[in-house]
Amino acid sequence: MEKHSKIYIAGHRGMVGSAILRKLQNEGYENFVLKTSKELDLRDQQKVAEFFEVEKPDYVFLAAAKVGGIVANNTYRADFLYENLAIQNNIIHSAFVTKVKKLMFLGSSCIYPKLAPQPLKEEYLLTGLLEQTNEPYAIAKIAGIKMCEAYRAQYGCDFISVMPTNLYGPNDNYDLQNSHVLPAMIRKFYEAKENGVEQVVLWGSGSPMREFLYADDLAAACVYLMENYSEPELINVGTGIDVTIKELANTVKDIVGFEGEIVWDSSKPDGTPRKLMDVSKLNDKGWRHTIELKEGIGLAYQDFLDNHAKLRL
């Protein structure tokens, strides 16, 4: 990418998109085309096509998606499948039609089979059954990966797919009905501390293992890969380090300063037993994460205090 290149970030107000925007701005890029969901409904094929015809961006980061945790994924199964397919179909095809130089499609580690060997290698895609609770979202993301592969194979488009592990950081979603595990914990422990509650109830057994990547690290990886990666195969982005949900909860509890008890509700689902990314391919390309989990949770908690806490109580 050149500093004057026109860059479109789909989903620039979300956690991932805003992190990519910050990273690019810090590196001196300034020619952005940005639209909120109210200004441009990415589910509307005609409006997306018209947008691309008018703006003709050089580079596209496809970070827009309907996202959520176990509850949201399992409750709004049709919405997660339809809306994500529509968003990515419209953007990827319009990028082809208007001859975008390069497009990056951002997926999710949930694309991998529920019981795939650990750590998750890129070639494990489509080798087994998916986790049932987020199957619609995963299927949409798999379709996006295959769409990028197909447009590259048939038309020679420089479209690449990046699969991040679990993310957290500035602009995260703290709604308990559809947030992911780490921001949900931050909010729960904070509210318990503020309200003098002695117990915090968390879902499951605490035994599943998860890997977490700070959003600004993902953004750095995305910019690096946009400049240094051009292959048909997807590439994982993560830390290559995981912790149990119980360990995560204790770390968040300590950082927030909650002094009560954690109660695990084992009647609730655990989800996939383990999801650890094999990031050897990424490391071999010359990129590694820089923000470790404890530091990152501290940064995320400060963002929550600065921008979200007063809205939640």
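The name given to the protein chain in an unreviewed UniProt entry is GDP-L-fucose synthase, with Arcicella aquatica as the source organism. The record held by UniProt for the protein chain lists under Function (unreviewed entry) the comment "Catalyzes the two-step NADP-dependent conversion of GDP-4-dehydro-6-deoxy-D-mannose to GDP-fucose, involving an epimerase and a reductase reaction." In UniProt, the protein chain has this text filed under Sequence similarities (unreviewed entry): "Belongs to the NAD(P)-dependent epimerase/dehydratase family. Fucose synthase subfamily."

A count of helices and strands for the protein chain gives eleven helices and twelve strands. Taking 2.2 N^0.38 as the reference for a compact globule, 313 residues should give roughly 20 Å; the C-alpha atoms of the protein chain span a radius of gyration of 19 Å, in line with that estimate. Taken along the three principal axes of its C-alpha coordinates, the protein chain extends 60 × 40 × 40 Å. By residue count, 52% of the 313 residues in the protein chain fall in the buried class. For the protein chain, the share of sequence-separated contacts (at least 6 apart) that also reach a separation of at least 24 residues comes to 81%. Accessible surface, the protein chain as shown: approximately 14000 Å² in total, 48% of it carbon and sulfur. Across the protein chain, the mean location of the 35 positive side-chain charges is 2 Å away from that of the 42 negative side-chain charges.

The subject of this paragraph is the packing of aromatic side chains. For the coordinates displayed, the defined rule picks out 13 aromatic pairs. Ring plane angle 25 degrees and centroid distance 4.1 Å describe the contact between Phe96 and Tyr155, whose orientation is recorded as stacked. One end of the pair, Phe96, is in helix α4 (residues 77-97); the other, Tyr155, is in helix α5 (residues 135-155), with 59 residues separating them in the sequence. What makes Phe96 partly exposed here is its relative accessible area of 24%. A ring pair is formed by Tyr174 and Phe304, whose centres lie 4.8 Å apart and whose planes are at 55 degrees; its orientation type is tilted. Here Tyr174 is found in the loop between β6 (166-168) and α6 (181-195), whereas its partner Phe304 is found in helix α10 (residues 293-307), with 130 residues between them in sequence. Across this residue pair, the class does not change: Tyr174 and Phe304 are buried. In textbook terms, an aromatic cluster arises when at least three aromatic residues are bridged by ring pairs, as seen for Phe96, Tyr151, Tyr155 and Phe159. Positioned above the aromatic ring of Phe80 is the side chain of Lys66, whose terminal nitrogen or guanidinium carbon lies 5.4 Å from the ring centre. The positively charged end of Lys268 is found above the aromatic ring belonging to Trp203, 5.6 Å away from the centroid.

Because each turn of an α-helix spans 3.6 residues, side chains separated by three or four positions in sequence point in the same direction. Compared with the 30 Å implied by 1.5 Å per residue over 21 residues, the 30 Å span of α4 between its first and last C-alpha is a close match. The set of residues buried in α4 consists of Phe80, Glu83, Asn84, Ala86, Ile87, Gln88, Asn90, Ile91, Ile92, Ser94 and Ala95. Phi turns positive one or two residues past the end of α4, at Lys99, with a value near 60 degrees.

A separate point is the packing of α6 against α10. At a minimum axis separation of 11 Å, α6 and α10 run at an interaxial angle of 60 degrees. With respect to their mutual orientation, α6 and α10 come out oblique. Crossing of α6 over α10 shows right-handed handedness. On the side of α6, the interface is formed by Leu182, Ile186, Arg187, Tyr190 and Lys193, while α10 contributes Leu293, Ile297, Ala300, Tyr301, Phe304 and Leu305. Here the contact of α6 with α10 is built from residues that sort into nine nonpolar, no polar and two charged.

The rules behind the values
The residue numbers shown here count from 1 along each chain, following its written sequence. In view of the model being predicted, local features appear only for residues whose pLDDT reaches at least 70, and side-chain atom pairs are presented and counted only at 80 or more, with totals across whole chains, interfaces and linings using the full set of residues. Excluding hydrogens and water, the side-chain values take into account all heavy atoms of the structure. UniProt positions are given in the numbering used here, feature names are shortened, and annotations may be inferred rather than shown by experiment. The way it works is that DSSP assigns letters per residue, a run of H or I at least four long becomes a helix, a run of E at least two long becomes a strand, and they are numbered from the N terminus. Here the globule rule reads 2.2 Å times residues to the power 0.38, and the radius of gyration is calculated from C-alpha atoms. Accessibility here uses a 1.4 Å probe with only protein chains present; expressed as a share of the type maximum, an area under 20% marks a residue as buried, one over 50% as exposed, and anything in between as partly exposed. It only takes one pair of heavy atoms within 4.5 Å for two residues to be counted as in contact. The accessible surface values rely on the Shrake-Rupley method and a 1.4 Å probe; as for residues, cover is taken only from the protein chains in view. As used throughout, the charge tally considers Lys and Arg to be positive and Asp and Glu to be negative, leaving His and the chain termini uncounted. Note that the charge is assigned to NZ on lysines, CZ on arginines, CG on aspartates and CD on glutamates. Planes of paired rings set the category: under 30 degrees apart is stacked, over 60 is edge-to-face and the rest tilted, where pairs are Phe, Tyr or Trp rings (Trp by its six-membered ring) whose centres lie within 6.5 Å. Ring-over charges, as used throughout, are those where CZ of Arg or NZ of Lys falls within 6 Å of the ring centre and within 35 degrees of the ring normal. Here, expected helix span is obtained from the residue count minus one, scaled by 1.5 Å. Convention adopted: a line fitted to C-alpha atoms gives each axis, helices being fitted over their contacting stretch, and angles between N-to-C directions are expressed from 0 to 180 degrees. These descriptions rest on fixed angle ranges, namely under 35 degrees for roughly parallel, over 145 for roughly antiparallel, 65 to 115 for roughly perpendicular, and the rest for oblique. Each helix crossing is assigned a hand: it is left-handed if the near helix lies turned anticlockwise from the far helix by less than a right angle, otherwise right-handed if that turn is clockwise. Residues are grouped as follows: nonpolar covers Ala, Val, Leu, Ile, Met, Phe, Trp, Tyr, Cys and Pro; charged covers Asp, Glu, Lys and Arg; every other residue, Gly included, is treated as polar.

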